[in-house]
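# Secondary and tertiary structure notes
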Amino acid sequence: MCGIVGIVGKTPVSQHIYDGLTVLQHRGQDAAGIVTIHNNTFRLRKGNGLVKDVFHTRHMLRLQGNIGIGHIRYPTAGTSSSSEAQPFYANSPFGLSLAHNGNLTNAEELRTWSVSYTHLTLPTTPYV
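Reference entry: report on the structure contained in this document.

Quick notes on the rules
- The residue count restarts for each chain, going from 1 along the sequence in the order it is written.
- Two thresholds apply to this predicted model, a pLDDT of at least 70 for residue-level local features and 80 or more for giving and counting side-chain atom pairs, whereas whole-chain, interface and lining totals are computed over all residues.
- Side-chain numbers here rest on the full set of heavy atoms in the structure, without hydrogens or water.
- Residues with no salt bridge and a relative accessible area higher than 30% make up the patches, which join like charges within 9 Å and nonpolar side chains (Val, Leu, Ile, Met, Phe, Trp, Tyr) within 5 Å.
- Residue-level accessible areas treat just the shown protein chains as cover; the underlying method is Shrake-Rupley with a 1.4 Å probe.
- When a carboxyl oxygen of Asp or Glu lies within 4 Å of a side-chain nitrogen of Lys or Arg, that pair is called a salt bridge.
- Strands here mean DSSP runs of E at least two residues long; helices mean DSSP runs of H or I at least four residues long; both are numbered from the N terminus.
- Burial classification: accessible surface area is computed with a 1.4 Å probe over protein chains only, and a residue below 20% of its type maximum counts as buried, one above 50% as exposed, and the rest as partly exposed.

It is worth spelling out a nonpolar patch on the surface at this point. The grouping of Val 8, Ile 37 and Ile 67 at the surface amounts to a nonpolar patch, some 260 Å² of accessible area in total. Relative to the helices and strands, Val 8 resides in strand β1 (residues 2-8).

What follows is the structure, given as structure tokens:
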């Protein structure tokens, strides 16, 4: 089980995403993350722990933007490593961020496609 919040708004979204993740905290206590977009730049904060422990005022002030994704994780596969906290982010060639709920059963196929067509190297194992 995980919890995912996504918002496209006319005003900054980070506090709304934080509030949404807090309400969904029962769906995952292992890790939390938020990514926003501001001036064509991704801003990401994620880590192990509860929402209230991962995000402090200084982090929330950096998460500017009117578009964002939030995720809380309850691991059903993989490890509790902070590298498996979501949302995931890849910088090249243009930037991509995503969050998902569940196990990717076709991770190797997606990795092959990603490298072949987008030249993105996904920074994780198949056990996301």
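From this point, the narrative continues.
Let us look at the pattern of salt bridges. Going through the model one piece at a time under the given rule, you end up with 2 salt bridges. In this structure, Asp 30 engages Arg 73 in a salt bridge whose closest nitrogen and oxygen atoms are separated by 3.3 Å. One end of the pair, Asp 30, is in the loop between α1 (14-23) and β2 (31-38); the other, Arg 73, is in strand β4 (residues 67-73), with 43 residues separating them in the sequence. Across the salt bridge formed by Lys 52 and Asp 53, the nearest N and O atoms sit 3.4 Å from each other. Under the relative-accessibility criterion, Asp 53 is labelled partly exposed at 41%.

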